[in-house]
Amino acid sequence: MTELYEQLTTYEGRPTSTSGVGKDLVNTPMIRHWCEAMGDTNPAYDGPGAVAPPTMLQAWTMGGLSGHTDRSGAYDELSALLDGAGYTSIVATDCEQEYLRPLRPGDRITFDAVIESVSPRKTTKLGTGHFVTTRMDIRADGQLAGTHRFRILKYAPAAREPKGTRPRPVINRDNAGFWEGVGRHRLLIQRCGGCGTLRLPWLPGCNDCGSPEWDTVEACGAGTVYSYVVMHHPPFPAFDPPYAVALIELAEGVRMISNVVGVPYDKVRIGMPVQLEFLRVDPELELPVFRGGEV
Amino acid sequence: MRVGDRLPPLEIPITRTLIVAGAIASRDYQDVHHDAELARQKGSPDIFMNILTTNGLVGRYITDHFGPGAVLRKVAIRLGAPNYPGDTMTLTGTVTDLDGATAQVRVVGANGLGHHVTGTVTLTLPEEAGS
């Protein structure tokens, strides 16, 4: 157990508010403003005999712009401890409420809250920090009306790494023509000058007859997904996993590795028809990719 | 009504106005819910919906469907992907338990980034629906 965490756990069980008093009695205008914001037209919240929307429970306990004046030191101390350790950001993650009796205009709200637990250090998508769970009992005119368990994450925001650029293709004398074609938005397939066999990727000679002679055929752009994988891990800069890497079979019969775009990664399927397009991934690089879906 | 029944989905456009109005109506003045500039300084791309508004929308989704006679007993939610302006959240629900007039509904609110909210609502059904 780290020293900080040991210190944090000493706050478990300590009250954060004792006999806190709601700043306003339960009232019709605040109920109406809430319903307007939520788009809630439930007639139970309007007119004579109206009750407050149960999910408004926490709102009656909020400090508002002027803040809490009756909060005990424990919560502020805990917050300061976490701030001091660099966990300066806060986000609410869970809210569990139980409604025991409806709140009605005129009810006077009081509440007691306790720090229920502080989690060990956790690393989340947002960053690293500690979850703090509080439990509050809310009373209306002294009678228990609801309970409210609330969990926040106090965290240090994960540093955003500058997005890297895509790896450059290795261009040499054997494949320069391919990339020159991509630059003109043409996907060029090599054709053997000896036996006419098509080949992709480009190679200096024919695998079938060995001839070094060749010319090119422009792909029509139609293709199907021959096979694919979905890349989840590890993440590389400039790539945003998960994404599909596919082996595309072109209409001409040769295959190439590319990305399928325009379709969620988990909707890519073998046999899916795709259409060639060119994607500018950064100012210096364009790549042939394949759009799936409605072709 | 039976266990496994699905509630019709409710689409909620996440406007800047909804985020701010919800935050203020819930008395939540945290800057990340109304000030885009300060939200960005804190590492968020924009303002985002507060949990109290999400809670209110989940409650509304249930009572819109079951009617004003339905009484919410418990709402337990967990937040995931934030609701940023310009997105749409689609709430869906499935009845997961039925015991007399008490029903439990599993609710999911999905936006363009993933699941904004997942949760469980326990309610007492209006008399006509419970019989």
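Residues numbered from 1 in each chain as written. Chains lettered and ligands numbered in written order. Predicted model: local features only at pLDDT ≥ 70, side-chain atom pairs only at ≥ 80, totals over all residues. Heavy atoms only, no water.

### Describing the UniProt feature "domain: MaoC-like" (unreviewed entry) in chain B
Right, so step 1: Residues given the UniProt feature "domain: MaoC-like" (unreviewed entry) here are residues 10–107 of chain B.
Right, so step 2: Between the C-alpha atoms that bound residues 10–107 of chain B there is a distance of 11 Å. The span itself is 33% helix and 32% strand. (UniProt positions renumbered as here; feature names shortened; annotations may be inferred. Helix = DSSP H or I, 4+ residues; strand = E, 2+ residues; numbered from the N terminus.)

### A few points about the sheet that holds strand E8 (residues 198–199) of chain A
Right, so step 1: If you trace the three strands from one edge of the open sheet to the other, you get E8-E7-E9 (chain A), paired in antiparallel fashion. On the outer flanks of this sheet lie E8 and strand E9 (214–218) of chain A, each paired with one strand and no other. (Pairing = 2+ DSSP bridges.)

### Points about the nonpolar core
Right, so step 1: A:Trp60, A:Leu103, B:Ile62, B:Leu91 and B:Leu123 are the most contacted members of the largest nonpolar core, which totals 75 residues.
Right, so step 2: Once residues lying within four places of it in the same chain are set aside, the contact partners of A:Leu103 are A:Val26, A:Val51, A:Ala52, A:Leu57, A:Trp60, A:Ile109, A:Ala140 and A:Ala145.
Right, so step 3: The next biggest cluster of nonpolar side chains, apart from the first, holds 26 residues, and it includes A:Leu187, A:Val225, A:Val254 and A:Leu287. (Core = buried A, V, L, I, M, F, W, Y, C linked by side-chain atoms within 4.5 Å. Buried < 20%, exposed > 50% of the residue type's maximum accessible area, 1.4 Å probe, protein only. Contact = heavy atoms within 4.5 Å.)

### Some remarks on the interface of chain B and chain A
By a frequent convention, interface size equals the accessible area lost on bringing the separate parts together.
Right, so step 1: Contact residues are listed per partner, giving 32 residues for chain B and 35 residues for chain A.
Right, so step 2: In total, chain B and chain A occlude about 2700 Å² of area from one another, counting both sides; carbon and sulfur atoms represent 57% of this.
Right, so step 3: Where chain B meets chain A, there are one salt bridge.
Right, so step 4: Between B:Arg78 and A:Asp94 there is a salt bridge, and its shortest N-O distance comes to 2.6 Å.
Right, so step 5: Where chain B touches chain A, the interface holds eight residue pairs in polar contact (both at pLDDT 80 or more).
Right, so step 6: For the side of chain B that touches chain A, the leading source of residues is helix H3 (residues 51–66) of chain B, giving ten residues.
Right, so step 7: Residue composition of the side of chain B that touches chain A, by class: 14 nonpolar, ten polar and eight charged.
Right, so step 8: By the bridge criterion, five bridges tie strand E2 (residues 89–99) of chain A to strand E2 (residues 71–79) of chain B in an arrangement that is antiparallel. (Buried area = accessible area lost by both parts, 1.4 Å probe. Salt bridge = Lys/Arg side-chain N within 4 Å of Asp/Glu carboxyl O. Polar contact = N/O pair within 3.5 Å; in protein donor to acceptor, adjacent residues only side chain to side chain. Nonpolar A, V, L, I, M, F, W, Y, C, P; charged D, E, K, R; others polar.)

### Considerations on the sheet that holds strand E12 (residues 255–261) of chain A
Strand pairing in a sheet relies on backbone hydrogen bonds. The paired strands run either parallel or antiparallel.
Residue and element names in this part refer to chain A.
Right, so step 1: Strand order in the closed barrel formed by five strands is E10-E11-E12-E14-E13, and the pairing between neighbours is mixed. Across the sheet, the axes of successive neighbouring strands diverge by a mean angle of 50°, strand direction being ignored.
Right, so step 2: Across the sheet, helix H4 (residues 176–183) lies against strand E13 (273–282) and strand E14 (285–291), angled at about 80° from E14, the strand it touches most. (Axes fitted to C-alpha atoms, helices over the stretch in contact; angles between N-to-C directions.)

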